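Single-letter residue listing:
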Amino acid sequence: MNAYIAKLVAQRIALGLLLIFLVSIMIFLGTQILPGDVAQAILGQTATPESLANLREELGLNASATERYFSWLTGILHGDLGTSLSNGRDIASAISERLGNTLFLASWAALISVPLAIILGLVSVLYRGRWPDKVISAATLSAISVPEFMMSYILMYYVAVQLGWAPSVAMLNDRMSLLEKLHAISLPIAVLVMVVLAHMMRMTRAALLNVMQSAYIETAELKGIRRSAVIWRHAFPNSIAPIVNVVMLNMAYLVVGVVVVEVVFVYPGMGQYLVDHVSKRDVPVVQACGLIFAAVYIFLNMVADIVSILANPRLRHPK
Amino acid sequence: MRRIPIPALIGLVITGLFLFSAIAAPLIAPYGVSEVVGDVWEPASSTFLLGTDNIGRDLLSRLIWGGQTTILVASAATVVSFVTGSIAGLFAAVIGGWVDQLLSRFVDLVMAIPTLIFALVVLSVMPVTIPVLIIVMGLLDSTRVFRLSRAVASDIAVMDYVEAAELRGEGRAWTIFREILPNALSPLVAEAGMRFIFMVLFVSTLSFLGLGVQPPGADWGGIVKENKDGIVYGIPAALLPAVAIAALAISVNLVADWVLDRTSSLKGGRNG
């Protein structure tokens, strides 16, 4: 029976790896075979034929697409992401520090938003239909309709500029202590928390309400247990699987939301690096960043699926 | 026809106002789109109702013209997304078999890459013009429409009247466009509202990142980008287009909710 679960998990991991492989092909195709020539796109319409030929040579564009793809892929598997076109630096070393910064930002946002979302979800189920539920629902609904950059600037305008509580630009350096770093990134964290909180909280609430209709909840209520205990002891453990699933999906979303937030707060992370190099038409950097973002996204989605396999008692104890 | 509920009415009025100002932009905008008429970041006054922007253009006029661009690009991308997504979805559901498998797995693959990241990758090699933007956004988003229309259509495809049409000897195109499409329309129309909002947010985000509508053209995301430096000096010009985006998003949302509610109750449908 555990072999069955192991098989399901192994299948899901294999699928994830296959997806990452296929996505690397998509990203490669997306930048190499689309109408328009990379060399032309970099140099612009006014480029001379000689400079175009030189750049094509330098980029290895004269080799066939399959050859280029496989040399790119083997490079990545050996940790070599190529060199940037715009400044000739090694991409892997430029990315490693930025990736760390991005993960630092995203993981703090996750650490704050996940418990908060679950607590708010529990509270709104506990007070279902009464004012705390309604206030939470209205607030989360309006948070969904607002783009990330708008939320960022509203916070920046009121909290950083008017009140002066937090810096408006999230600069990090090595001499800062953890607390100083957290203060520096407090606004970006707040924005990211708000972006994912609403969705997570609504799904937590929905998952709990779904379980609350079960017969065993009615039994527990008829035994005379307090409502908060019913929710905490009986409903919550049974809705962990859907909640964890939603949490992981939102973590995946966080990885993307980070792009915009980093640009707003001039935070030295992967997102800002990607956006900068898209406008410079620096294709190797864009490919590398795109692949990393997609891989993290696929990985988190995979973890979500695996958790729901592991958390399903019917799969753990088949008849 | 029943009375329109108040939230939907508010949504309709505000959406209508936005559409009107987009269409009538040349008539109602006080100044031209890139006309420098005043000082940098002048406060609101009777000549400049909302003040001026980072190089002294009238902000209200910029917002009206920008709304035109944003709404145009978002609507066109929604149309692209719907035409591609729903036709492919209907065909996949009706034909089934390997066509369905191929299309569905391809859509799964595209959806495995975050939309914004994929758009950035593609826009790094494509010339960033408005038609390219519309097509890229529309095609990336059509994956969502594909999933919805395929799911809706595979429910309808097993209905008796579809079988009757097939037994009558109607062709596949007839079955899809005359039998299935009309019955799948109401969930698709409600979804269109949501996709439109998503497109408004998407094009605004791209322009804000400098990869959407290029200057001298104006759109809401671009206006935020131009005026963002003012925030640090306490000038709220960058917040105004953001307010416009949110107001449009919320009001379209209200209308879409009402349409969904109305169509599902008319059919006595699954959603009650």
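On a predicted model such as this, the values are computed, not experimentally measured, just so you know.

1. Let's talk about the overall build of chain B
Thought 1: Looking only at helices and strands, one finds 10 helices and zero strands in chain B.
Thought 2: Ordered by position in the sequence, the α and β elements of chain B form the string α-α-α-α-α-α-α-α-α-α.
Thought 3: For the C-alpha atoms alone, the extent of chain B along its principal axes is close to 75 × 50 × 30 Å.
Thought 4: The buried share among the 272 residues of chain B stands at 50%.
Thought 5: Here chain B carries 17 positive and 20 negative side-chain charges, and the mean point of each set is 6 Å from the other.

2. Observations regarding the confidence of the model for chain B
Residues and elements named next belong to chain B.
Thought 1: Of all residues in chain B, 92% have pLDDT values of 70 or greater, and the mean over the chain is 81.
Thought 2: Within the model, the stretch residues 266–272 combines pLDDT values under 50 with five contacts to residues more than four positions away or in other chains.
Thought 3: For this predicted complex, the interface confidence score (ipTM) comes to 0.79, while the overall pTM stands at 0.82.

3. Quick notes on the environment of Val285(A)
Thought 1: With respect to the helices, strands and loops of the structure, Val285(A) is situated in helix α14 (residues 283–311).
Thought 2: What Val285(A) contacts, discounting residues up to four positions off in sequence, is Ser84(A), Ile91(A), Tyr273(A) and His277(A).

4. So, helix α9 (residues 220–227) of chain B
Thought 1: Among the eight residues in α9(B), six count as buried, and that is most of the element.
Thought 2: Residues of α9(B) that are buried: Trp220(B), Gly221(B), Gly222(B), Ile223(B), Val224(B) and Asn227(B).

5. Quick notes on the packing of aromatic side chains
Thought 1: Going through the model one piece at a time under the given rule, you end up with eight aromatic pairs over all chains.
Thought 2: Between Trp232(A) and Phe236(A), the ring centres sit 5.1 Å apart and the planes meet at 10 degrees, which makes this aromatic pair stacked. Of this pair, Trp232(A) and Phe236(A) both sit in helix α11 (residues 227–238), separated by four residues, roughly a single helical turn.
Thought 3: With a relative accessible area of 14%, Phe236(A) lands in the buried category.
Thought 4: Here a set of aromatic residues connected by ring pairs shows up, and it is made of Phe28(A), Tyr69(A) and Phe70(A).
Thought 5: Above the ring of Trp174(B), the side-chain terminus of Arg178(B) is found at 4.6 Å from the ring centroid.
Thought 6: Sitting over the face of the ring of Phe198(B), Arg195(B) holds its NZ or CZ atom 5.1 Å from the ring centroid.

6. Re the side chain of Ser81(B)
Thought 1: Considering the arrangement of structural elements, one finds Ser81(B) in helix α3 (residues 59–95).
Thought 2: Not counting residues up to four positions away in its chain, the partners in contact with Ser81(B) are Ser86(B), Gly138(B), Asp141(B), Ser142(B), Val145(B) and Met199(B).

7. Here we look at the interface of chain B and chain A
Interfaces are often sized by the accessible area lost when the parts come together.
Thought 1: At the junction of the two partners, chain B supplies 40 residues and chain A supplies 39 residues.
Thought 2: Connecting chain B to chain A are zero salt bridges.
Thought 3: Applying the counting rule to chain B against chain A returns zero residue pairs in polar contact (both at pLDDT 80 or more).
Thought 4: Where the side of chain B that touches chain A is concerned, the elements lending two or more residues are α4 (97–111), α5 (115–123), α8 (172–208) and α10 (239–266) of chain B.
Thought 5: In terms of residues, the side of chain B that touches chain A owes the most to one element, α10(B), which gives eight residues.
Thought 6: Residues that form the side of chain B that touches chain A fall into these classes: 34 nonpolar, five polar and one charged.

8. Thoughts on the nonpolar core
Thought 1: Counting residues in hydrophobic clusters, the biggest one holds 150 residues, and the most contacted among them are Val23(A), Ile95(A), Leu116(B), Leu120(B) and Phe208(B).
Thought 2: Beyond its immediate stretch of four places on either side in the chain, Leu120(B) contacts Val259(A), Leu274(A), Val275(A), Val278(A), Val286(A), Leu206(B), Leu209(B) and Leu211(B).
Thought 3: Counting 13 residues, the second-largest nonpolar core is a separate cluster that includes Phe82(B), Ala93(B), Ile156(B) and Val162(B).

9. Description of the packing of helix α5 (residues 91–126) of chain A against helix α12 (residues 240–264) of chain A
Residue and element names in this part refer to chain A.
Thought 1: Interhelical geometry of α5 versus α12 gives an angle of 140 degrees and a closest axis separation of 10 Å. For the element pair α5 / α12, the angle class is oblique. When the axes of α5 and α12 are compared, the crossing they make is right-handed. Contacts from Thr102, Leu105, Ala106, Ala109, Ala110, Ser113, Val114 and Ile118 in α5 reach Ile243, Val247, Met251, Leu254, Val258 and Glu262 in α12.
Thought 2: Each residue belonging to the contact of α5 with α12 can be placed in one class, and the counts come to 11 nonpolar, two polar and one charged.

The rules we used
- Residues numbered from 1 in each chain as written.
- Chains lettered and ligands numbered in written order.
- Predicted model: local features only at pLDDT ≥ 70, side-chain atom pairs only at ≥ 80, totals over all residues.
- Heavy atoms only, no water.
- Helix = DSSP H or I, 4+ residues; strand = E, 2+ residues; numbered from the N terminus.
- Buried < 20%, exposed > 50% of the residue type's maximum accessible area, 1.4 Å probe, protein only.
- Lys, Arg positive; Asp, Glu negative; His and termini not counted.
- Charge placed at Lys NZ, Arg CZ, Asp CG, Glu CD.
- pLDDT = per-residue confidence, 0-100.
- Contact = heavy atoms within 4.5 Å.
- Phe/Tyr/Trp six-rings, centres within 6.5 Å; stacked < 30°, edge-to-face > 60°.
- Lys NZ or Arg CZ within 6 Å of the ring centre and 35° of its normal.
- Salt bridge = Lys/Arg side-chain N within 4 Å of Asp/Glu carboxyl O.
- Polar contact = N/O pair within 3.5 Å; in protein donor to acceptor, adjacent residues only side chain to side chain.
- Nonpolar A, V, L, I, M, F, W, Y, C, P; charged D, E, K, R; others polar.
- Core = buried A, V, L, I, M, F, W, Y, C linked by side-chain atoms within 4.5 Å.
- Axes fitted to C-alpha atoms, helices over the stretch in contact; angles between N-to-C directions.
- Parallel < 35°, antiparallel > 145°, perpendicular 65-115°, else oblique.
- Left-handed = near helix turned anticlockwise from the far one by under 90°.

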